[in-house]
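Listed below are the residues making up each chain.
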Amino acid sequence: MTENPLPERVLQGLGVAAGVAIGPAHVVEAGRLRVREYKIPAAGVADERQRFADAVEASVKQLRKLQGRASKLSGAAAEELGFLMEASLQILSSSRLIRRVDERIASERVNAEAAVQFETSRIEEEFAQLPDAYLAARAQDIHDVGVRLIRRLTNTPYTGFADLPKGSIIIARAITPADTVLMDPARIGGFAAAYGGPESHTAIMGRSLGLPAVLGIANIEEQVEPGQMVVVDGTTGRVVVNPSAATLAAYGKERRRLQRERAVLNRLRNLRAVTLDGTKVTLQANVELPLEVELAVHAGAEGIGLLRTEFLFMNRDDLPDEQEQFELLRPFVVAMNGKPVTIRTFDLGGDKLSPALRDRLPTGPNPALGLRAIRLSLKHKPLLEAQLGAILRVAALGPVRILLPMVGTANDIVRVRAVLHRVYGRLKKAKVRLPDQMPPLGAMIEIPAAALAVRSIASAADFLSLGTNDLTMYTLAIDRGDEHVADLYDPLHPAVLQLIYTA
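Residues numbered from 1 in each chain as written. Predicted model: local features only at pLDDT ≥ 70, side-chain atom pairs only at ≥ 80, totals over all residues. Heavy atoms only, no water.

### Considerations on the overall build of the protein
From N to C terminus, the protein includes 20 helices and 14 strands. Sorting the 503 residues of the protein into buried and exposed places 50% on the buried side. Contacts spanning at least 24 positions in sequence make up 68% of the contacts within the protein whose residues lie at least 6 apart. Accessible surface, the protein as shown: approximately 24,100 Å² in total, 53% of it carbon and sulfur. (Helix = DSSP H or I, 4+ residues; strand = E, 2+ residues; numbered from the N terminus. Buried < 20%, exposed > 50% of the residue type's maximum accessible area, 1.4 Å probe, protein only. Contact = heavy atoms within 4.5 Å. Areas by Shrake-Rupley, 256 points an atom, 1.4 Å probe, with all protein chains shown as cover.)

Dropping the structure here:
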C-alpha cells in the first residue's frame, strides 16, 4: 500500500451541526448561476413577462413535488422541510422579489433571468445588513428562490445526490434547503460550504437530519478535488482535506465517542434535573422555528423558556393578523402538551424591520438605539393588540407566559398590561375561548438601564428574564456581528457580570 503523496490540509469554518463525518468529497456547483443580460424589444416585453410567469409557475410545481418528498421523511426533518418549502412558496406567490422582477422586465426591458439576478442581489444585500444573525440569514431564502428561477429560465439541469457512494461528503459554494431534501442520511455523511451561518435554514436542516456540517469556508469548492478523502468536524468547524492515517484514526475514535455520548444522553433525557442537595432545576428550550419544538420535546425539555416570534413577520410584504398569528403559534403550545410556553412579543425595529414594516415605518439615524422591540409595539398599538390577542387565544390551549423585549422602565410593563386587559375584554365580549386567568407578563432585562432599575421593573412585572446577548452589547458598546470588534465581545467582562449580579 503506497503512501498518499498529497499533504493533509485543514480548512477552518463555522461548525453548525455537531458530529464527525469521514468520506469521499462530492464537489458541486450550487452557487449563483452566470446570467447574460440583453435588451428586449418593446414588442417582446409581454412575452418576456409571460416567460417569467411560466418559470414561477413551474418552480411552484417543483416545490410542491419536493414537499411531497419531504412529507415521507420522519420526525423533525419532515416538519422543518415542509416549513422551508412553504417559505419558498410564499416568496414565489406574493413577495417583493416577484413584483420587482416583473416591474424591471417591463420598465428596463431586460431579459427575465437578468432581472431575477439583479433583484435577488438587491434584496439579499438588504437582509445581509441586518444586525440580527437570524434575520440576516433569511437572505439565503431569497437567494435559493432566485437560483431556482434562473435554473428554470435558462434550462440549467440540476444534479441530485442519489447515485453517490455511501458516506459521501457534499462540498459546495452554497447548499440550499431544497438541496437537503435530496440528502439521504443513509448515503450522505455530511456537508461543507462557503456560504451560510449557524442561523441559516441549511444549518438548521443539517442539525435536523443529523448530518455534521461546516459553513463559512471561502472558496471551499475550489480547494477540494472530487473524490478526495475529507473529514467534516461539525463541532470545531474544521474540514480536513486528505487526512493522514493518524488523523483518520483520531477522528474515527472521536466519532465513536460521540455516538456513545449521544446514546447516554438519550437514556438521561427523561430524568428529573435535581442537584445533589435536592434543588430542582427546570430545563427549558429556546425556539424560533416549528422544527425546534419536536427537538426540544425529544431532548426532554420541561417547557419553552423563550419562543421568538420574529418568524411570523419574515419573507412577506403583509402583516399577519390576529387569526394568522394564532394559527402559527398554536402548534407550539399544543406540542408541549401542558408544559409552559413563554412567548416573547416580536423584537423588530430599527434596521431589523421585516419587509412588511420597512416601507411603513421610519428608521432613525442609529437603529440599535431607535424604535425597536417593545418601543415599536407601544408606538404602533394595532401591532401589539393583534399579537396579544393571538397569545391570549393560544393561552386557552396550555400554560403561556408573555415576555416583553427591550423593557427600559416599569412604565413599559404598565402600558402593555393596560393593552392586554383591553384586548382580553374585547375577546371575552366576542365569546372567544380564553384562559380563566390572565397570562403572567414578564420583562427581559437586556439593557443596562433595566438592570440598574430592576427593582422598579420587578414591582410591575410578574417575572423577569435575563437577555445576556444584548446586555453585553449595550454594556460594552460592541456589535457582536461586526467582525472588526467581535473578538472584544465578552459576556464575562466584569462590567457585564456586575450588571447581572445587580439584576
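There's more to say after this.
### A few points about the pairing of strand E3 (residues 20–28)
Across the nine residues that make up E3, a large majority, seven, are buried. Here five bridges tie E3 to strand E7 (residues 229–233), and the two strands are oriented antiparallel to one another. Within E7, the position partnered with Ala21 by the bridge is Val232. Relative to strand E4 (residues 168–172), E3 runs parallel, the two being bridged by four bridges. Looking at E4, one finds that Val27 is bridged to Ile171. (Pairing = 2+ DSSP bridges.)

### Brief notes about the sheet that holds strand E11 (residues 341–344)
The strand order across the open sheet built from six strands is E9-E10-E11-E12-E13-E14, with neighbouring strands paired in parallel fashion. Edge positions in the sheet fall to strand E9 (285–287) and strand E14 (463–466), since each has one partner strand and no second. Each strand of the sheet is rotated relative to its neighbour by a mean of 25°, with strand direction disregarded. Bridge analysis of E11 against strand E12 (residues 400–404) gives four bridges, and the strand direction is parallel. Counterpart to Ile343 in the pairing with E12 is Ile402. With respect to the sheet, helix H15 (residues 381–394) is in contact with E11 and E12, its orientation differing from that of E12 by roughly 155°. (Axes fitted to C-alpha atoms, helices over the stretch in contact; angles between N-to-C directions.)

### Thoughts on the nonpolar core
Judged by nonpolar contacts, the single largest core of 63 residues is most densely connected at Ile304, Leu307, Leu329, Ile343, Leu404, Ile413 and Val416. With residues up to four places along the chain from it excluded, the contact list for Val416 reads Ile374, Leu378, Leu384, Leu388, Leu404 and Leu441. Within the second largest apolar cluster, 42 residues are counted, among which are Leu63, Leu89, Ile142 and Leu149. (Core = buried A, V, L, I, M, F, W, Y, C linked by side-chain atoms within 4.5 Å.)

### Remarks on the pattern of salt bridges
The full count for this structure, using the stated rule, is 18 salt bridges. Between Arg372 and Asp470 there is a salt bridge, with the nearest N and O atoms lying 3.4 Å from each other. Placement of Arg372 in the loop between helix H13 (355–358) and helix H14 (373–379) and of Asp470 in helix H19 (residues 468–476) is noted, with a sequence separation of 98 residues between them. Of the two residues examined, Arg372 and Asp470, each falls in the buried class. Among the ionic contacts, a cluster of salt bridges with common partners joins Glu48, Arg51 and Glu113. (Salt bridge = Lys/Arg side-chain N within 4 Å of Asp/Glu carboxyl O.)

### A look at helix H3 (residues 96–108)
Here H3 is 13 residues long and its end C-alpha atoms lie 17 Å apart, about the 18 Å a rise of 1.5 Å per residue gives. Along H3, the positions that sit buried rather than exposed are Arg96, Leu97, Ile98, Arg100, Val101, Arg104 and Ile105. Positioned one or two residues after H3, Arg109 has a phi angle of 55°, which is positive. (Expected span 1.5 Å × (residues − 1).)

### Quick notes on the side chain of Gln387
Tracing the sequence through the fold places Gln387 in helix H15. According to the relative accessible area criterion, Gln387 is buried, its value standing at 0%. At 3.0 Å, the side chain of Gln387 forms a polar contact with the side chain of Thr309. Among the polar contacts made by the side chain of Gln387, one reaches the main-chain amide nitrogen of Phe346 at a distance of 3.1 Å. With near-sequence residues (within four places) excluded, Gln387 lies in contact with Thr309, Leu312, Phe313, Gln325, Arg344, Thr345 and Phe346. (Polar contact = N/O pair within 3.5 Å; in protein donor to acceptor, adjacent residues only side chain to side chain.)

### Examining helix H16 (residues 410–429)
Spanning 20 residues, H16 covers 29 Å between terminal C-alpha atoms, matching the ideal 28 Å at 1.5 Å per step. The inward-facing, buried residues of H16 contact helix H12 (322–336), H14, H15, E12, strand E13 (441–445) and helix H18 (454–460).

### Some points on unusual backbone geometry
Its identity as a non-glycine residue notwithstanding, Arg109 has a phi of 55°, on the positive side. Inspection of the secondary structure puts Arg109 in the loop between H3 and helix H4 (112–128). Under the relative-accessibility criterion, Arg109 is labelled partly exposed at 37%. Even without being a glycine, Met406 presents a positive backbone phi close to 60°.

### Focus on the sheet that holds strand E6 (residues 213–215)
Strand order in the open sheet formed by eight strands is E1-E8-E7-E3-E4-E5-E6-E2, with mixed pairing between adjacent strands. The sheet is open, and its two borders are formed by strand E1 (9–12) and strand E2 (14–17), each paired with just one other strand. Neighbour-to-neighbour, the strand axes of the sheet open up by a mean angle of 30°, direction not taken into account. In terms of strand pairing, E2 meets E6 through three bridges, oriented antiparallel. Bridge pairing in E6 links Ala17 to Ala213. Against the sheet, helix H10 (residues 245–268) touches E3, E7 and strand E8 (238–241), its axis set at about 115° to E3.

### With respect to a positive patch on the surface
A cluster of like positive charges, contributed by Lys253, Arg255, Arg256 and Arg260, occupies part of the molecular surface. Mapped onto the elements, Arg260 comes out in helix H10. (Patch = residues over 30% accessible without salt bridge, like charges linked within 9 Å, V, L, I, M, F, W, Y side chains within 5 Å. Lys, Arg positive; Asp, Glu negative; His and termini not counted. Charge placed at Lys NZ, Arg CZ, Asp CG, Glu CD.)

### A few points about the environment of Leu211
One can find Leu211 in the loop between helix H8 (201–209) and E6. Considering only alpha carbons, one finds Leu211 and Ala18, 193 residues apart in sequence, at a separation of 7.9 Å. Excluding anything up to four places from it in sequence, Leu211 contacts Ala17, Met183, Pro185, Ile188, Gly189, Gly190, Phe191 and Gly206.

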